[in-house]
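# Chain and residue survey
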Amino acid sequence: MKTPTFRLSKLGLLGLAIGAASFAQAQEANEEAAPATTGLEEVVVTGYRGSLLNSTNAKRDSNGFSDVIFADDIGNMPSQNLAESLARIPGVKINREVTGEGQQISVRGLGPSFTKIALNGNAMAVASTGSLTSGNRNREVDLDLFPTELFSSLAVSKTATAGQLEGGVSGYVNMRTARPSDFDGQHFSYSLEGAYSELSEDVSPKYSFMYSNSNEQFGVLFGLAGEQKSSRVDGYEAVALYTDGCVAEWSNPERTNSACVEGSEGFNHFFWSPEATPDYAAAKDGVAVGDPVDPVATSGLDAETLDTALLPYLGRPMTAVGDRDRVTGLLSLEFRPNDDMEFVLDTMYAQADRDFTRTEAMLWGRRNYLHQGAAIIPEDVKVENGYVTDATFYNAHIWVGSHQYTEDLNFVSFMPSMAWQISDDFKADISASYTKSEFDRDEPYVLYMSPGATMQYTVSGTLPSFNFSLDPASPDIGWTWQQEFDQNEDGVIQDNEKFGDRFRIQRNRRVTETNGFHADFAWGEDADVSGIKFGLAWDENSSNMDAWGGTQEFQENFVDGSDADLNFSDYLGPSLVDDLGSNISGYNGYSGIAQVDWARIKEATNYNDFEPIKTSGDQFGQTVGNISEEMLGLYVEGNVEQQVNNRPLRINAGIRWVDTEQTVSTDQSETKADYSKVLPSFSMVYDLRDDIKVRMSGSRSLTRANPADMFPNSAWGSSGIESVRAGNPFLTPFEATNFDIGGEWYFENTGYVGFTHFIKEVTGFTRSDTLTVDWLDLPNYGMDINNIGEDREQALAECGGPTVCTTQVSTRSNVDGYTTLSGYEAIWVMPLDFIVEGLGFDTSATHINQSASDEDAIVTGISDWTYNFTAFYETDRLQARMTYYHQDGSVSGYTNGFELKSMDRSQVDFSGSYRLPVLEEQNLTITFDAYNITDEPVGTWHQYEGITFDAFYPGATYTFGIRGSF
């Protein structure tokens, strides 16, 4: 498998060299033969068809493999979300937030961090939230911050040219904001909408307006867009993995410690009880509490199967309810002092505030020790493919976690530029850029527990069922703020008979900043067709991440002895929802979760007076720190057009040199790295006929290493002591050799079909090297073993103490292997005016194959097939379109050696509008949109389809609105 791929890469590099030689020959030929020119009939088309026409013309005129999405009309992109708009392009896959909204994009299989996102041609970064279950730590950009109404076009280049900013192994996306020169004279547009969420049953207002005024010398554009969005998501998650338990026994005569019986197999993350629990004794005649029980016999399994049968680790139905307010402003100024010079200033400011509560009710199946009265008794257990699919569990405690999120995000960009036509043949484009983004998250986390109950667990449908004999929605079932057990049986719960965290402190802050200066020059009357382009780019990017905790200190000084500590049940109220899972087909679980009163419990514990303690890792077990990068790039590229068999052949060939200096630091240490790369590129397009174009391109591209893997010190990998993560600041970048061949047949102004075959060979992948390290040697890896928190102290004691315990230390290093991605893209834009005037469709599909020389170079997140289909109908007044998106499930990661695979997902959206026959000059239009009509979940399977790792159901959203322009 390795040899053919290696030859292919060498052949491709040879092709680049031949291409450069061809360019030189073509330049000579160009001096003898003037290029033929072709003109396109000017067609004035608006609406969705106008967007398709503009996209078709841009693709027809491009040299390499690129696609452009244009706004349907003033301030109206063809989808409600930038990511959704880009999904029309073949090879683009949407990464969704749990709300179902498009959040990030992946190009040709590689993850969002492998796509370079630029704003008006300049580098940018956003310190945004990422998904609900994690945080952005790589180079991805969340697109849901930016409203579609303020953008005029989105361009995707899948193979690099020398003049583009490096950083995207898989692609380069340029988001262009609206400018005054996009419109003639004075214009004003507006929209007012109300979005009804089927799940939250609330209407969320959304608004936008844009004013533009331009003449031959001056232009000004101001736009504002915002929304106040109410949202709710119901779902289920298994947190980190599926795991197994073991039969417990006392490990000391005092019964203050417990462990697995000798010879137990598996991960042993939870315990089966060898003694009758109160609910078990009540259900069995002649059995008293504390009587011996054989959990192997009650389970109906043999000991080995019970030892290794898998259950979800903290499996939990959940709901998240809250609001997100967002407002974004755009200001663009243009000044043309004469016909040869133009000055532009583009500025943008965006702010998003998010406040919501996320509550989950889980089976306590993690370190539920026998000596704490928490071990469970299994009965009538059924196992398929190693997973428990049906069982009754006695002494099952409901462990509730409630997060209250307060998030603040802002983004500002400042981008001045100048275009100067110095002479007929020489042009200069000079630009500078500055962006800054700040994100703050406060996420206090309260945990509380029910008494032991009997639970029926069943795997049926998408979500497993957790049915308890106690009602999780009721605040009156005897909840305690932590697990309590009268170990010495004196009838009094002492402080040392209370276990676990009650109130966790979790705060995060991230700041990103970019600075840039670009100077681009072009020699030639039309250098994009025939001429030389060259320039330089200096960019400086930084990302600073901080985290704060202090759970133990807060509990000791603010929680212990407070009224909330002494009377916790008084601080519980009814569930935020009374129909949990109502929109989930086949759901058969509890309908609500008793909710802590956040305002009262914060007041009772003086939460706002506590100064959190800075930590080296966040609540996801990830190291925090700072990374800064300074990049200098120089490039030159040439373009030529010549006649071959009386048909135009256009060629672009170039080379880019880039030097990167990186500084990676934490509170404890700092390291520096420096490397340089040469990135050649070549592309050509030949008009086989007036309506058929054939294209070919090749390039080298890079994406710098994941910052989260580079921090030089270590952090805990979980809430226990099992693992530690250590970074590697000297990771080399990902690099790719890219080849494309394809073409299009343009059978009319708007209609065409296109096909592309691509091959991409990627290196720079990393593997995790894991070492077993004695506990006392952990300081050698940057770990503080003296201040580890209550949970880890407990885990340390349970495994035998500091002289006995060991920890798995994981770090990452580059592997020599590579992976080859090859595939096909197809697109078909088809007006059907010959059937019905205004009818048509557009569709695209992508198929990707992967082969890797090393298992550590396997790329996760690659869907075999992604495709979409849009049917549209338009008249002078009416617009309607229905869109179907589909993504095959893909391997998204691994946990404890088990494969995680995202679910197949097919989403159906509708968009319609009608221009009223009144106020004709104001284009008064009513709109209706339906999003995620079939309520498709966002979820992941654990190894087998039917074994759910997580699944989130956001419901459908229906939007009604009015817009106009004049």
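Summary of the structure given here.

Quick notes on the rules
- Residues numbered from 1 in each chain as written.
- Predicted model: local features only at pLDDT ≥ 70, side-chain atom pairs only at ≥ 80, totals over all residues.
- Heavy atoms only, no water.
- Core = buried A, V, L, I, M, F, W, Y, C linked by side-chain atoms within 4.5 Å.
- Buried < 20%, exposed > 50% of the residue type's maximum accessible area, 1.4 Å probe, protein only.
- Helix = DSSP H or I, 4+ residues; strand = E, 2+ residues; numbered from the N terminus.
- Contact = heavy atoms within 4.5 Å.
- Salt bridge = Lys/Arg side-chain N within 4 Å of Asp/Glu carboxyl O.
- Patch = residues over 30% accessible without salt bridge, like charges linked within 9 Å, V, L, I, M, F, W, Y side chains within 5 Å.
- Areas by Shrake-Rupley, 256 points an atom, 1.4 Å probe, with all protein chains shown as cover.
- Pairing = 2+ DSSP bridges.

In this structure, Phe393, Phe503 and Ile601 are the most contacted members of the largest nonpolar core, which totals 61 residues. With 5 residues, strand β19 (residues 387–396) is the single largest residue contributor to this core. For Ile601, the contacting residues outside a window of four places in its chain are Val446, Trp481, Phe503, Ala564, Phe568, Tyr571 and Val596. Formed by 39 residues, the second largest nonpolar core is a distinct cluster that contains Val107, Val126, Phe183 and Ala352.

The subject of this paragraph is the pattern of salt bridges. A full pass over the atoms with the stated rule returns 43 salt bridges. Ionic pairing is found between Asp182 and Arg176, a salt bridge with its closest N-O pair at 3.1 Å. Look at Asp182 and you get partly exposed, because its relative accessible area is 33%. A salt bridge links Arg326 to Glu227, with the shortest nitrogen-to-oxygen separation between them at 3.6 Å. Of this pair, Arg326 sits in strand β16 (residues 316–338) while Glu227 is found in strand β10 (residues 218–237), placing the two residues 99 residues apart along the sequence. Comparing Arg326 with Glu227, the two get one shared label, buried. Each of the salt bridges in this network shares a partner with another, and the network as a whole consists of Lys59, Asp67, Arg108, Lys158, Asp740 and Glu825.

Moving on, we get to a nonpolar patch on the surface. A grouping of Phe517, Trp523, Ile532, Phe534, Leu536, Leu632, Leu634, Val636, Ile655, Trp657 and Val678 is seen on the molecular surface, where their side chains present a nonpolar patch of about 890 Å² in accessible area. Listing elements by their share of the nonpolar patch, those giving two or more residues are β28 (507–526), β29 (530–549), β33 (626–644) and β34 (647–665). With respect to the helices and strands, Phe534 occurs in strand β29.

Our focus in this paragraph is the sheet that holds strand β7 (residues 171–177). The 5 strands are arranged β1-β6-β7-β4-β5 in an open sheet whose pairing can be described as mixed. Two strands bound the open sheet, and with one partner strand each, they are β1 (66–70) and β5 (122–123). Sheet topology note: the strand β4 (residues 115–119)/β5 ladder contains 2 bridges and is antiparallel. Each bridged residue has a counterpart across the sheet, and for Leu119 the counterpart in β5 is Asn122.

Right, let's talk about the pairing of strand β53 (residues 957–965) for a bit. Two elements, strand β8 (residues 186–197) and β53, share 9 bridges in a ladder whose sense is antiparallel. Bridging from a neighbouring strand, Ser189 pairs with Ser965 of β53. The pairing of strand β50 (residues 925–931) with β53 spans 7 bridges and is antiparallel. Directly across from Thr925, in β53, lies its bridge partner Arg963.

On their own, these measurements won't tell you what the molecule is for.
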